[in-house]
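One-letter residues, chain by chain:
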Amino acid sequence: MALTLRRNASDRALPYVLLAPAVAVLLLLTIYPLIYSIRISLQGESGNWTVQNFTRLLHDQFFLSALAHTLIYAVSALTIEFFLGMALALLLDTQMRGRAIYRSLLLLPMMLPPIVVAVVWRLMLNSDFGALNGTLKAFGLHTESLTWTASPKLALVSVIVADVWQWTPFMFLILLAGLQAIPQEPYEAALIDGAGRWQTFLHVTLPLLKPAILIALLLRTMDLLRVFDQIFILTEGGPGFATETVSLYIYRTAFRFANFGYAAAMSFVLLLITNVISLGYMRMLQTRD
Amino acid sequence: MLRPDMRSPRESRAILVVVCIALAVACYSGCRSNRAGQKTLTLAINSGVEGDALRQAAKDYEQQTGVHIQIAEFPYANLFEKELIDLNSHTGAYDLIMLDDPWFPKFASLNVLTDLGPLLKNRGQDKPDEDFIATSLALCRNPYQTGSLYALPYVGNSQLFFYRKDLFQKYNLTPPATWEEVLNAARTIGEQESSGAPGGGKVSGYVMRAAQGNAAVADFMPIFWAFGGEMFDSSGQPAVNSPEGIAALKFMIELGKYSPPGYASFNADEVGAHLLQGTAAMSINWPAWISSFNDQAKSKVAGKMEFGQMPGAKNPGRAEIGNWLIAIPGSARSPDAAMDFLLWATSAAQMKLSAERGNPPTRRSVFTDPQLQAKFPSYPAQLTSLENSRPRPRTPLWNEIENAFGIYLSKANSGELSAEDAMNQANTEIQRIVAR
């Protein structure tokens, strides 16, 4: 009797014992740094408590324009990737020939490390030696003014194009999986009711695809808002400040200017924005109409 | 009861605990093993030709003295942050660090470097020997030139003016002594050589790098100084938008018209590529590129490039200095052993070896060594440039100032802002940084 009781007690403890290492790692690597960064974001250079890191954000032209670039970048890339990904998914959801080959080819860009993609695009977009201007020249076009990553007007477009090239496949993959999970019955019912292709798409496919769409948008939005590596390689935020995003500015502030408190404050603002947007998606995901 | 092949929960737990302890012990002893035994020094170096020379020197030192040397190598972009974090948190991970001279005021202001004065005194020297070039040694003192010594100079880079002597001869141009002559030469070459490049392309009269950050600032400073600009006035207030400063930026933009399109995003690589491909005729550049020009495999202009002094304007031309220094962190575990290595590595004999490995020295005797001068014909020009060079403004806020200044220079060169607006906005931003 006493023995079984003890065993029961230790059995009950077992899950906690087994969870302990994971919790410890989490505490050490996530919770502690989080609390630490909250602390330093609220401290001045001399360690005094202050909110000046946050008030400074409101007057910092560099931060505000980096934030604007981040939002423009995220919204444009997300929109283009969504429509392209949707079109590709719908196209390859049909019984066309060789679709297995197209699917694998389309997934290639996503498999490459972002750094590699950025280096490849940087070379292609080089205005003197790059493939893009080389091709345009071969068609007899004047490329003198097409300096891509060096032009304040085209630089942001250039980095968006590189992002679209790499991440449309991700959109496509999730949407295709969503499309293939839709059962045949609603389509048959729509057919019997005499719905046209467009009506079927609007009233059957889209509502049933909603969870997949929202998941895809959510994941891409979070990635786009924290974009760093591609832009760092492609333009390093330039020319001037034309493609500087919040992540790049945070990196510079922390590791170049050694102002960790201010960098932490900016990170929290970025985190907050990302969270608010994500919550919006989550809410839409939970509402059933 | 229990099947023979099933372990009781208690047994499993015991096994888990044993495994964990074993792992922990293995890890701990693994981390400690290299600390045991003979003396160990850890060096943080730049991955590149400068760091390579020091790494090879470290190997020799190990053989000669038995002191074990560990190397922590980082790319230029990460070295500063690694060192900053280590020095600031006093982990003592490094006994010696290589640092680029613009970082020095930051480290010195944080009080995280060892004062080398007392260590020199213990060795019977009251100051580093006279053979070191004055402009290089001045970088190692805080405050600049006059204060205590916190580092020794290892690699003595300073900018040179590169130009194509074949094209200058072809158009009867004299080596440019002023920026006005540079502009005229750039115009002549740019207009005449519309298909003169290897492969039939255009030769640009000039090429510069105006990407935001370090690149734009490094290429602008010699023009800025020559035109009489100063970043800070005599009272220490930012003054880049002085009439002289604005004139200098206007001149840079004018010169940019003879640079390849897109130069507002160029870094060292693009400038190097244009010069090596023979598609540009002049530039400000660093000595590290010299050897590439005479390498037939890389260069289409072998033997055609000349290396001269910085042109002047209102003021005589002066190059920007960019030296690699070696310092001992305040948290170093064995500062004395580190000092022994530092003195050895920066001695004339070792610096000659480093020079043979491709690094410009910081000692006069090495620059004037006949053997080396035969191997590196540009040494006399480099020595003159280095001795007349100027440092970037010595402030711990330099990284931040350079970033802001570079952004506005790049904006002006890419046509986004006028020279006046760029300089005014840059000045406001620098004021904000200094006041903070």
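Given the structure is predicted, the values throughout are model-derived calculations rather than measurements.

## Details of the overall build of chain A
Helix and strand counts for chain A stand at twelve helices and zero strands. Scanning chain A from its N terminus toward the C terminus, one meets helices and strands in the order α-α-α-α-α-α-α-α-α-α-α-α. A sequence separation of at least 24 residues applies to 71% of the contacts in chain A between residues at least 6 apart.

## Quick word on the overall build of chain B
When helices and strands are counted, chain B shows 19 helices and ten strands. The dimensions of chain B, computed from C-alpha atoms along their principal axes, are 100 × 60 × 50 Å. By residue count, 48% of the 436 residues in chain B fall in the buried class. A sequence separation of at least 24 residues applies to 72% of the contacts in chain B between residues at least 6 apart.

## Comments concerning the interface of chain A and chain B
In this assembly, 24 residues from chain A lie in contact with 20 residues from chain B. Only helix 1 (2-41) and helix 11 (246-256) of chain A provide two or more residues apiece to the side of chain A that touches chain B. Element by element, the count of residues in the side of chain A that touches chain B is highest for helix 1 of chain A, at four residues.

## What about the nonpolar core?
Of all hydrophobic cores here, the largest spans 178 residues; its most connected members are Leu175(A), Leu96(B), Tyr206(B), Leu249(B), Leu325(B), Ile326(B) and Leu409(B). Once residues within four sequence positions are removed from consideration, Tyr206(B) is found in contact with Val182(B), Ala186(B), Leu255(B), Tyr258(B), Ser259(B), Ala280(B), Ala281(B), Met282(B) and Ser283(B).

## Focus on the sheet that holds strand 2 (residues 68-74) of chain B
Residue and element names in this part refer to chain B. Within the open sheet, the five strands sit side by side as 2-1-3-10-6. Their pairing is mixed. Strand pairing shows two members of the sheet lacking a second neighbour, strand 2 and strand 6 (151-158), which therefore form its edges. Here the average twist between neighbouring strands, direction ignored, is 20°. Bridge count for strand 3 (residues 96-100) against strand 10 (residues 321-327) is four bridges, and the pairing is antiparallel. Bridge pairing in strand 10 places Met98 opposite Ile326. Across the sheet, helix 3 (residues 76-88) is in contact with strand 1 (40-46), strand 2 and strand 3; its angle to strand 1 comes to roughly 135°.

## So, the pairing of strand 1 of chain B
Every other side chain in a regular strand lies on the same face of the sheet, so the side chains alternate between the two faces. Residue and element names in this part refer to chain B. Most of strand 1 sits inside the fold, with six of its seven residues counted as buried. Bridge count for strand 1 against strand 2 is seven bridges, and the pairing is parallel. Bridge pairing links Asn46 to Phe74 in strand 2. In this view, the connection linking strand 1 to its parallel neighbour strand 2 by way of helix 2 (residues 49-65) has right-handed handedness. With two bridges joining them, strand 1 and strand 3 adopt parallel strand pairing. For Leu43, the partnering residue across the bridge sits in strand 3 and is Leu96.

## Remarks on the sheet that holds strand 8 (residues 282-285) of chain B
Residues and elements named next belong to chain B. Strands sit in the order 8-7-9 across an open sheet of three strands; the sheet is antiparallel. Among the strands making up the open sheet, the edge pair consists of strand 8 and strand 9 (305-308). Strand-to-strand twist of the sheet, defined as the mean angle between neighbouring strand axes without regard to direction, takes the value 25°. One ladder, built from four bridges, connects strand 7 (residues 160-164) with strand 9; its direction is antiparallel. Considered in strand 9, the bridge of Phe161 is made with Gly308.

## Some remarks on the environment of Asn184(B)
Within the secondary structure, Asn184(B) is located in helix 8 (residues 179-192). Between the alpha carbons of Asn184(B) and Gly256(B) there is a distance of 13 Å; along the sequence they are 72 residues apart.

## Description of the domain arrangement of chain A
The assigned domain composition of chain A is domain 1 (1-41) and domain 2 (55-286). Here the C-alpha centre of domain 2 of chain A lies 38 Å away from the C-alpha centre of domain 1 of chain A.

## What about the domain arrangement of chain B?
All names here are of chain B. Segmentation of chain B into domains returns domain 1 (37-157 + 322-387) and domain 2 (160-320 + 394-435). Between the C-alpha centres of domain 1 and domain 2 the distance comes to 29 Å. Counting residues at the interface gives 15 residues for domain 1, matched by 17 residues for domain 2. Those elements that provide at least two residues to the side of domain 1 that touches domain 2 are helix 4 (104-109) and helix 17 (379-387). Counting residues per element, the side of domain 1 that touches domain 2 draws most heavily on helix 17, at four residues. The class makeup of the residues in the side of domain 1 that touches domain 2 is six nonpolar, eight polar and one charged.

## A short note on the environment of Glu180(B)
With respect to the secondary-structure elements, Glu180(B) resides in helix 8. For the pair formed by Glu180(B) and Ala313(B), sequence separation is 133 residues and the distance between their alpha carbons is 7.5 Å.

## Brief notes about helix 3 of chain B
Residue and element names in this part refer to chain B. In this model, helix 3 (13 residues) spans 19 Å end to end at C-alpha, consistent with the 18 Å of a helix rising 1.5 Å per residue. If you check which residues of helix 3 are buried, you get Leu79, Phe80, Glu83, Leu84 and Leu87. The arc that holds every buried residue of helix 3, seen down its axis, measures 120°, which confines them to one face. Where helix 3 is buried, its residues touch strand 1, strand 2, strand 3 and helix 4. Just past helix 3, the residue His90 takes up positive phi, approximately 50°.

## Looking at the packing of helix 18 (residues 398-413) of chain B against helix 19 (residues 419-435) of chain B
Residues and elements named next belong to chain B. Look at helix 18 against helix 19: their axes get within 9 Å of each other, and the N-to-C directions meet at 165°. Here helix 19 runs roughly antiparallel to helix 18, going by the angle between their axes. Relative to helix 19, the crossing made by helix 18 is right-handed. Residues Glu400, Ile401, Ala404, Phe405, Tyr408, Leu409, Lys411 and Ala412 of helix 18 form the contact with helix 19, whose participating residues are Ala419, Ala422, Gln425, Ala426, Glu429, Ile430 and Ile433. Classifying every residue of the contact of helix 18 with helix 19 by side-chain character gives eleven nonpolar, one polar and three charged.

## As for helix 8 of chain B
Residues and elements named next belong to chain B. With 14 residues, helix 8 should cover 20 Å at 1.5 Å per step; its first-to-last C-alpha distance of 20 Å lies within 8% of that length. Of the positions making up helix 8, those classed as buried are Trp179, Val182, Ala185, Ala186 and Ile189. The arc that holds every buried residue of helix 8, seen down its axis, measures 115°, which confines them to one face. The secondary structure elements touched by the buried residues of helix 8 are helix 7 (165-170), helix 9 (214-226), helix 10 (243-256) and strand 8.

Each value, and the rule that gives it
Residues numbered from 1 in each chain as written. Chains lettered and ligands numbered in written order. Predicted model: local features only at pLDDT ≥ 70, side-chain atom pairs only at ≥ 80, totals over all residues. Helix = DSSP H or I, 4+ residues; strand = E, 2+ residues; numbered from the N terminus. Contact = placed C-beta atoms within 7 Å. Buried ≥ 20, exposed ≤ 12 C-beta atoms within 10 Å, placed from the backbone. Core = buried A, V, L, I, M, F, W, Y, C linked by C-beta atoms within 7 Å. Pairing = 2+ DSSP bridges. Axes fitted to C-alpha atoms, helices over the stretch in contact; angles between N-to-C directions. Right-handed = clockwise from strand over helix to strand, strands pointing away. Domains from an automatic or database assignment. Nonpolar A, V, L, I, M, F, W, Y, C, P; charged D, E, K, R; others polar. Expected span 1.5 Å × (residues − 1). Arc of directions from axis to C-beta. Parallel < 35°, antiparallel > 145°, perpendicular 65-115°, else oblique. Left-handed = near helix turned anticlockwise from the far one by under 90°.

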